[in-house]
Amino acid sequence: MFKSRILGAGHYVPERIVTNEDLSQLMNTSNEWIVERTGIQERRWYTPGVDTVTNMAAKASKLAMSRAGVSLGEIEFIIFATITPDYFLPGNGVLLQRELGMGTIGALDVRNACSGFIYSLSIADQFIKTGMYSKILVVGAEIQSSALDKSDEGRSSAVIFADGAGAVVLGRSEDAGLGVLSTHLHAEGAHAEELYCIAPSSSGKERISKELIDRGDFFLKMNGNAVFKHAVVRFMEVIQEALACNGIQKEEIDLLVPHQANLRISQYVQQKLELPDHKVFNNIMHLGNTTAATIPIALSQAWEQGKLKEGDLVCLAAFGSGFAWASALLRW
Ligand code: UT7
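Report on the accompanying structure. These figures come from a predicted structure and were not determined experimentally.

### A word on the layout of surface pockets
Considering only enclosed or pocket space, the largest pocket measures out at about 1000 Å³ in volume. Lining the largest pocket are 37 residues, and of these Ile83, Thr84, Pro85, Arg111 and Cys197 lie nearest its centre. Elements with a minimum of two residues in the lining of the largest pocket: strand E5 (106-110) and strand E9 (195-196). When residues of the lining of the largest pocket are sorted by domain, at least three fall in each of domain 1 (4-172) and domain 2 (179-331). Looking at the second largest pocket, its volume works out to about 480 Å³. For the second largest pocket, the lining is made up of 25 residues, of which Ile160, Gly224, Asn225, Phe228 and Asn262 are closest to its centre. Ranked by the residues each element gives to the lining of the second largest pocket, the list is headed by helix H8 (residues 224-246), at 7 residues. Of the residues in the lining of the second largest pocket, the class split is 13 nonpolar, 9 polar and 3 charged. Residue assignment places the lining of the second largest pocket across two domains, with domain 1 (4-172) and domain 2 (179-331) each supplying three or more.

### Some words on the nonpolar core
Among the nonpolar cores identified, the biggest contains 42 residues, and Ile239 and Leu256 are the most heavily contacted of them. Contributing elements (two or more residues each) for this core: H8, helix H9 (263-273), strand E12 (313-320) and strand E13 (324-331). Looking at this core element by element, the count peaks at 9 residues for H8. Looking at which domains feed residues into this core, each of domain 1 (4-172) and domain 2 (179-331) supplies at least three. With residues near it in sequence (within four places) discarded, isoleucine 239 still touches Leu256, Val269, Leu273, Cys315, Ala317 and Ser327. Ile6, Val110, Val168 and Leu170 belong to the second-largest nonpolar core, a separate cluster that totals 35 residues.

### Things to note about the sheet that holds strand E8 (residues 179-187)
In space, the 4 strands of this open sheet follow the order E8-E13-E12-E11, with mixed pairing throughout. One side of each edge strand has no neighbouring strand; the edge strands of this open sheet are E8 and strand E11 (255-258). Averaged over neighbouring strand pairs, the angle between their axes works out to 10 degrees when direction is ignored. With 8 bridges connecting them, E8 and E13 associate as antiparallel partners. When the sheet's bridge partners are listed, leucine 185 is paired in E13 with alanine 326.

### Some details on helix H5 (residues 116-130)
Between its first and last C-alpha atoms H5 spans 22 Å; for 15 residues at 1.5 Å apiece the expected length is 21 Å, and the two agree. Considered for burial, the residues of H5 that qualify are Gly116, Phe117, Ile118, Tyr119, Ser120, Leu121, Ser122, Ala124, Asp125 and Ile128. Glycine 131, located one to two residues past H5, shows a positive phi value of around 90 degrees.

### Observations regarding the packing of aromatic side chains
Using the criterion set out here, one finds 6 aromatic pairs in the structure. Ring geometry for phenylalanine 127 versus tyrosine 133: centroids 5.3 Å apart, planes at 70 degrees, classification edge-to-face. Classification of phenylalanine 127 by relative accessible area gives partly exposed; the value is 21%. Ring geometry for phenylalanine 319 and tryptophan 325: centres 5.9 Å apart, planes at 35 degrees, overall tilted. A relative accessible area of 3% places phenylalanine 319 in the buried class. In this structure, lysine 150 packs its charged tip against the face of tryptophan 45, placed 5.2 Å from the ring centre. Sitting over the face of the ring of phenylalanine 2, arginine 172 holds its NZ or CZ atom 3.8 Å from the ring centroid.

### A closer look at the site of the ligand
Lining the immediate environment of the ligand, one finds 23 residues, of which Thr29, Arg37, Asn225, Asn262 and Asn289 sit closest. For the ligand, an oxygen atom lies 2.9 Å from a polar atom in the side chain of histidine 259. The contact in question runs from an oxygen atom of the ligand to an N or O atom on the side chain of asparagine 289, over 2.6 Å. For the ligand, the protein covers 74% of the area, taking 940 Å² as the surface of the free molecule. Mapping the ligand onto the cavity grids shows that it belongs to the second largest pocket. Mapped onto the shell around the ligand, the elements with two or more residues apiece are helix H2 (31-38), helix H6 (155-158), H8 and H9. Here the shell around the ligand gets 4 residues from one element, more than from any other, and that element is H8. When residues of the shell around the ligand are assigned to domains, at least three map to each of domain 1 (4-172) and domain 2 (179-331).

Here is what the cut-offs are and how they apply
Residues numbered from 1 in each chain as written. Predicted model: local features only at pLDDT ≥ 70, side-chain atom pairs only at ≥ 80, totals over all residues. Heavy atoms only, no water. 1 Å grid on protein atoms, 1.4 Å probe; cavity = no way out; pocket = protein on both sides within 12 Å on 5 of 7 lines; lining within 4 Å. Points joined across faces, edges and corners; volume = space filled by probe spheres on them. Helix = DSSP H or I, 4+ residues; strand = E, 2+ residues; numbered from the N terminus. Domains from an automatic or database assignment. Nonpolar A, V, L, I, M, F, W, Y, C, P; charged D, E, K, R; others polar. Core = buried A, V, L, I, M, F, W, Y, C linked by side-chain atoms within 4.5 Å. Buried < 20%, exposed > 50% of the residue type's maximum accessible area, 1.4 Å probe, protein only. Contact = heavy atoms within 4.5 Å. Pairing = 2+ DSSP bridges. Axes fitted to C-alpha atoms, helices over the stretch in contact; angles between N-to-C directions. Expected span 1.5 Å × (residues − 1). Phe/Tyr/Trp six-rings, centres within 6.5 Å; stacked < 30°, edge-to-face > 60°. Lys NZ or Arg CZ within 6 Å of the ring centre and 35° of its normal. Near = heavy atom within 4 Å. Polar contact = N/O pair within 3.5 Å; in protein donor to acceptor, adjacent residues only side chain to side chain. Areas by Shrake-Rupley, 256 points an atom, 1.4 Å probe, with all protein chains shown as cover. Sits in = over half its atoms within 2 Å of the grid points.

Right under this line is the structure:
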């Protein structure tokens, strides 16, 4: 059986910076509230007519491929995690394939929200382990800001979610000691409506109607308290599962890269694992929560900052809509 390894990571975020001050002009909120409850100071939102999920993903992918030293023609498969696709159908994987000019290679879309990137990494890992493919582009990209209710009613989600793209090239590892050690996937659909977006729905009377628009069914809806309470428990469980599976102690983690949901969630997990600050990567302060894109963006930035060195033990963990949650342990 082969082992897979991240050969390179890249990211792209829109140029438009939206500060907490900007948000307080749109809704009844304040910099103090947002910083205290979420740790976010600013985030990036797309510019209509400029940024698309596909073109941001293409920029992130090109950077990932160049850092991996892998040419476009060597990529054999695309896995694209997003819950905010450019079209209702087809999925974003094929749009990225067209944008980059990648012939007729297969392209798969994953809709697992915040845990979408780790689910995608896990799928790619299986393809590489079996020998079916040797180089796969794994992408997480989102434009959340167009589906946010920017009135007072939607403020608890509107201040958190943001836009951006990240990508990695997962390839066959040449060194049996380096690469993905294990991935762990979980879900509990009983909580589907705690964080969801109803429309467009195929099971309604019409996919889109005036009624539905008037009700605001196309906005993301979140029960923040419920998500928070489950998140802190599941993050810990799934990280411990990954450590136990590999017989590794928490002290051995060199870098924890948590999904950037809320700085308070990351800090809670850090505290429980008793990890020092330099062993936890956070960028939510400047980028907000970009759903499936947070982890690949964080990997790209951590690598740029020299925080990922060959042989480092890296733990990825995510929790979000579904509920769905996941972890991965890698030897970088
Ligand atoms: O990506 C993965 C999925 N998402 C998450 O993991 C998010 C998890 N949840 C959270 O991060 C937090 O629950 C939030 C940041 C969303 C909300 O923070 P909270 O501490 O749970 O606040 P809350 O919902 O309990 O609301 C507390 C108060 C309420 O006012 P009252 O009823 O006490 O008067 C809210 O109306 O804060 C109010 N509030 C706000 N005030 C100013 C809610 N949002 C805002 C806001 N600005 N943006």
